[in-house]
Amino acid sequence: MKYVHFLIMFTAFALLTACNLEPFEEGTNPVKPEQTYVQEESSMFIKNEQNQIFSFETNDTNFLCINGYTLWTVPNTNSNESFSPINVETVKESGRSEAGFGLVFCEQKINDKPFMLTVLINANGYYTVGKVFDGVFSHINDGWKSSNYINKGYGIKNILTVTYDPNSKNFLLKINGYEITSFTVSEQISFKNSRSGFAVVIANNESFPSKSVKVTFENKYS
């Protein structure tokens, strides 16, 4: 009997390792977007024409294992020569609380390769700022950081605001009206005709298909 018990435990551990699933309780570790597959999936962000809210929802098991996914869309175009401030209200309704969601902006091509900036938060009160170049995410602010200004939990609103100071060449991130961090990039980016939108991270251990990942986004222009 002891051998059978050991064999069951060993098999369970092997399955976790094979799928690259970390055996931790939910919420203890933010999902690392740099390990996910990053791809555009605009058809999955559905716009409600009446209230201008974009809704993302999926329980598709094809998105599970090995690394999870970061899915994004860029429906907005900056028609100005200068940076147009971004102000978005977002709500996570369901899915792993440690998986991020948020903004993508300044989407364009640099040296014929796709580039964009991103701000992500999660339902546990963490945020990170990063960039995606040629499909690979990297942090700008040294990884996930906790903030007391993020409203935690499901069904809770958070407002993400990004502005730009042309004198200092710094971007400023505000969450719920509070200044969180400033950041800059070394790339020579263009604001005119760059695009912006939203992103959702799908963890590799989501409870698909029984529980979906659902996040909503609403552009706030005032």
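These lines cover the structure that appears in this document, whether it is placed above or below. Note that residues are indexed from 1 along each chain, following the sequence as it is written. Reporting of local features is limited, given that this is a predicted model, to residues whose pLDDT is at least 70; pairs of side-chain atoms are given and counted only at 80 or more, and all residues count toward the totals for whole chains, interfaces and linings. Excluding hydrogens and water, the side-chain values take into account all heavy atoms of the structure.

1. Quick word on empty space enclosed by the protein
To find leftover empty space, one rolls a probe the size of a water molecule over the atoms. Here is the rule we go by: Buriedness of a pocket was judged along seven lines, with at least five required to meet protein on both sides within 12 Å; pockets are open sets of points on a 1 Å grid over the protein atoms alone, cavities are sets where a 1.4 Å probe fits but cannot get out, and lining residues have an atom within 4 Å of a point. Grid points are joined across faces, edges and corners, and a volume is the space filled by probe spheres set on the points. A run of DSSP states H or I qualifies as a helix once it reaches four residues; a run of E qualifies as a strand once it reaches two. Both are numbered from the N-terminal end. For this scheme, ten residues count as nonpolar: Ala, Val, Leu, Ile, Met, Phe, Trp, Tyr, Cys and Pro. Four count as charged, namely Asp, Glu, Lys and Arg, and the remainder, Gly too, count as polar.
This structure, assessed with the given rule, holds one cavity of 30 Å³ or more. Computed from the structure, the largest cavity encloses a volume of approximately 40 Å³. Considering the residues around the largest cavity, the lining is formed by V38, T70, W72, V104, M116, T118, L120, V132, F137 and A199. For the lining of the largest cavity, the elements supplying multiple residues, two or more each, are β4 (69–77) and β7 (113–121). Take the lining of the largest cavity: its biggest share by element is three residues, from β7. Its residues assigned to classes, the lining of the largest cavity comprises eight nonpolar, two polar and no charged.

2. A few points about the environment of K174
Worth spelling out the cut-off: In this description, contact between two residues means that some pair of their heavy atoms is separated by no more than 4.5 Å.
By the secondary structure assignment, K174 is in strand β12 (residues 170–175). Considering only alpha carbons, one finds K174 and T161, 13 residues apart in sequence, at a separation of 5.0 Å. Once you skip the residues sitting within four places of it in the chain, K174 turns out to touch I159, L160, T161, E179 and I180.

3. Overview of the pattern of salt bridges
Convention followed: By definition here, a salt bridge exists when the distance from a side-chain nitrogen of Lys or Arg to a carboxyl oxygen of Asp or Glu is within 4 Å. Throughout this description, buried means an accessible area under 20% of the type-specific maximum (1.4 Å probe, protein chains only), exposed means over 50%, and partly exposed covers the range between.
By the definition in use, this model includes five salt bridges. Note that R195 is salt-bridged to E107, the shortest N-O span being 3.0 Å. Note that R195 is positioned in strand β14 (residues 195–202) and E107 in strand β6 (residues 101–110), a separation of 88 residues in sequence. We classify R195 as partly exposed; its relative accessible area is 30%. The buried category is assigned to E107, whose relative accessible area is 13%. Across the pair E187 and K131 runs a salt bridge whose closest N-O atoms are separated by 2.7 Å. Placement of the pair is E187 in the loop between β13 (178–183) and β14 and K131 in strand β8 (residues 126–133), with a sequence separation of 56 residues. Comparing E187 with K131, the two get one shared label, buried.

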